[in-house]
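Each chain, written out:
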Amino acid sequence: MSMRAAIIPEAGGPDVITIEERSVPEPATGEALVRVAYAALNPLDTHARANRIAWMHPGFPFTPGFEYAGRVEAVGPGVDTGLLGQRVACNGQWGGNADYAIAEADKLIPVPEGFDWPTAAAFSTCAYTAWLLIHSAARVQPGQVVAIHSAAGAVGALTTQVAKAAGATVIALAGGADKLRYASQFGADFAVSYLEEDWPEQVKAHTDGRGADVIIDGNAGDNALKNFDAIASLGNVIFMGATAGLAADVNISMLIGKCCSVTGFVQYVHQATSGGAEVAAMHGALADGSFKLPIERTYGLEQLGEAHEAWEHRALVGRTLIEAGGEL
């Protein structure tokens, strides 16, 4: 039996992606074969394609699709056959931009009842990340001010909602008026465009000159060091990615003088010590509509290159999906 699979043979732009016919793989010991419904377009898909990352890079050639959801079609030796037919999500194992994907069975995440397929494809990274950023990394307290970069993205939108639920004042940071309008629906108290040169001064203007207690930044790049102009004394700047490129080195003497801290964030590290608190909190809130995971665009598998190009041009908001099997 054959399937469609996206192939990235070597580092390059979106045009290197091809859709090829491949044989459906057989699961080996400890593995499961998942028929993919949808994959989320994760920034790591584009970074791995362009060879901008070393961490968790699958190596060339590879099939992208860092996070996806589908049904278990077959299991290998040593895997509980009770998994067959189950709706599952997967992240961190690649291969989701195909009709079928192989995954380590013990790392599959059961899809909660009440989640539709699009939500199933996207919740296991951005939803958990949002909760962990606010409650594990930042340990936000009521009355604190949290500034969130890329507030028009899925992580930013969910982090805004989690921060508001924790009693924080939120400043949404996004690239321009259109994205700020989009981000405003998720409850931020103030909106500031980080494309404006004086955005740190605008953050301070919304905080009586003090600055934000927490700044969450997944962009880095040329704007990264400006976070330290916008942070309050005793504040914490949390870096969780570098979608705008690498940042300049942080000056330790500046940190001492500013009396602030800088923290790195990786979802999986925090999950190792969270005891599953983010799972219980986010599953319930997404299922009952307390929090909204914004899914805005869906591309077919054959349009994967177009989706990557749109992401590279920062033309996307919310979460974007890649449809393989669709509504299985």
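Description of the structure in this document. Everything numeric in this text was worked out from a predicted model, so none of it was measured.

## Examining helix α8 (residues 267-274)
Stage number 1. Of all the positions in α8, only Gln267, His270 and Ser274 are classed as buried. On an axial view of α8, the arc spanned by its buried residues comes to 70°, and they lie on one face. Counted as exposed and oriented over 90 degrees from the buried face of α8: Val269, Ala272 and Thr273.
Stage number 2. Looking at the buried positions of α8, the neighbouring elements they touch are α2 (117-137) and α9 (277-287).

## Here we look at the sheet that holds strand β8 (residues 145-148)
Stage number 1. With respect to topology, six strands assemble into an open sheet ordered β10-β9-β8-β11-β12-β13, the strand pairing being parallel. Two strands lie at the open edges of the sheet, namely β10 (190-193) and β13 (261-264), each paired on one side alone. Between one strand axis and the next, the sheet turns through 20° on average, direction left out of account.
Stage number 2. Here four bridges tie strand β12 (residues 231-239) to β13, and the two strands are oriented parallel to one another. Bridge pairing in β13 places phenylalanine 239 opposite glycine 264.
Stage number 3. Of the strands in this sheet, β8, β11 (212-217) and β12 touch α2, which is tilted by about 140° from β12.

## As for the pairing of strand β9 (residues 169-174)
Stage number 1. Burial analysis of β9 places five of its six residues in the buried class, the great majority of the element.
Stage number 2. The pairing of β8 with β9 spans four bridges and is classified as parallel. Among the inter-strand pairings, isoleucine 148 is bridged to a residue of β9, identified as alanine 172.
Stage number 3. Handedness of the crossover joining β8 and β9 through helix α3 (residues 154-165) is recorded here as right-handed.
Stage number 4. Tracing the backbone out of β9, into helix α4 (residues 177-183) and back to the parallel element β10 gives a crossover that is right-handed.

## Notes on the packing of α2 against α3
Stage number 1. In contact at an axis separation of 8 Å, α2 and α3 are set at 45° when each is read in the N-to-C sense. Judged on the interaxial angle alone, α3 and α2 are oblique. Crossing of α2 against α3: the hand is right-handed. Mapping the contact onto sequence places Cys126, Ala127, Thr129, Ala130, Trp131, Leu133, Ile134 and His135 in α2 and Ala154, Val155, Leu158, Thr159, Val162 and Ala163 in α3.
Stage number 2. A class-by-class count of the residues in the contact of α2 with α3 yields 11 nonpolar, three polar and no charged.

Here is what the cut-offs are and how they apply
Residues numbered from 1 in each chain as written. Predicted model: local features only at pLDDT ≥ 70, side-chain atom pairs only at ≥ 80, totals over all residues. Heavy atoms only, no water. Buried < 20%, exposed > 50% of the residue type's maximum accessible area, 1.4 Å probe, protein only. Helix = DSSP H or I, 4+ residues; strand = E, 2+ residues; numbered from the N terminus. Arc of directions from axis to C-beta. Contact = heavy atoms within 4.5 Å. Pairing = 2+ DSSP bridges. Axes fitted to C-alpha atoms, helices over the stretch in contact; angles between N-to-C directions. Right-handed = clockwise from strand over helix to strand, strands pointing away. Parallel < 35°, antiparallel > 145°, perpendicular 65-115°, else oblique. Left-handed = near helix turned anticlockwise from the far one by under 90°. Nonpolar A, V, L, I, M, F, W, Y, C, P; charged D, E, K, R; others polar.

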